[in-house]
Amino acid sequence: MLDGGASEGRGGARRSRQLEPGDLRLLILDALAAQPSHGYELIKAVGEWVGGDYSPSPGTVYPTLALLEDLGLARSEASDGGRKRFHLTPQGQAEREAQAAAIAAVRERLANARARAHARRLPEIRRAMENLKMALRLRLEGEAEATELVRRLAEIIDRAAVEVERASTAPEQKERP
């Protein structure tokens, strides 16, 4: 899928798209403006920009490169044992310049997504999330129709969610004795 698609993550939760329609074409134009590249190098570059959570498949990158060639925005030449190295044409450079604001917006969105993904991988956050899951499993194990217990646990989790939201939007405040 060219746009990265929305997919289901663990527990069935929907993960937002990594790339919107047209983003890959813009990113490839930008990468080729920096230096001529093989398809594999472009796959790696986009993967790094996204932060390692996604990399486009060859089945999306090579058709995009073929489209850029058909549009006269890129050209390829054989190199390194027959592999193709892609270059921007003057028309491709003009298109990249015309799309500079859109490219910057895509790169900024990817940088923000990369920062959020990094925060989710921090050891302290992962440990705390795993601790909560384990505490819930242990506490609910063997409970039959514990309606009051479930209500209390839901309230505790809801309060924690409010505190997490406040922590992410309010500056740190020192406790006063």
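- Within an unreviewed UniProt entry, the label attached to the chain reads Transcription regulator PadR N-terminal domain-containing protein, and the organism entered is Pseudacidovorax intermedius.

### Here we look at the packing of helix α1 (residues 23–34) against helix α4 (residues 90–98)
- Orientation of α1 relative to α4, taken along the N-to-C sense of each, is 115°, at an axis distance of 10 Å. By crossing handedness, the relation of α1 to α4 is classed as left-handed. Contact with α1, carried on its side by R25, L29, D30 and A33, involves G92, Q93, E95 and R96 of α4 and no other residues of that element.
- Considering only residue class, the contact of α1 with α4 consists of 2 nonpolar, 2 polar and 4 charged.

### Some details on the packing of aromatic side chains
- This structure, assessed with the given rule, holds 0 aromatic pairs.
- The ring centre of W49 lies 3.9 Å from the NZ or CZ of R107, which sits over that ring.

### Concerning a nonpolar patch on the surface
- Judged by side-chain polarity, L122, I125 and M129 come together as a nonpolar surface patch covering roughly 260 Å² of accessible area.
- One can find M129 in helix α6 (residues 123–140).

Quick notes on the rules
- Residues numbered from 1 in each chain as written.
- Predicted model: local features only at pLDDT ≥ 70, side-chain atom pairs only at ≥ 80, totals over all residues.
- Heavy atoms only, no water.
- Axes fitted to C-alpha atoms, helices over the stretch in contact; angles between N-to-C directions.
- Helix = DSSP H or I, 4+ residues; strand = E, 2+ residues; numbered from the N terminus.
- Left-handed = near helix turned anticlockwise from the far one by under 90°.
- Contact = heavy atoms within 4.5 Å.
- Nonpolar A, V, L, I, M, F, W, Y, C, P; charged D, E, K, R; others polar.
- Phe/Tyr/Trp six-rings, centres within 6.5 Å; stacked < 30°, edge-to-face > 60°.
- Lys NZ or Arg CZ within 6 Å of the ring centre and 35° of its normal.
- Patch = residues over 30% accessible without salt bridge, like charges linked within 9 Å, V, L, I, M, F, W, Y side chains within 5 Å.
- Areas by Shrake-Rupley, 256 points an atom, 1.4 Å probe, with all protein chains shown as cover.
- Salt bridge = Lys/Arg side-chain N within 4 Å of Asp/Glu carboxyl O.

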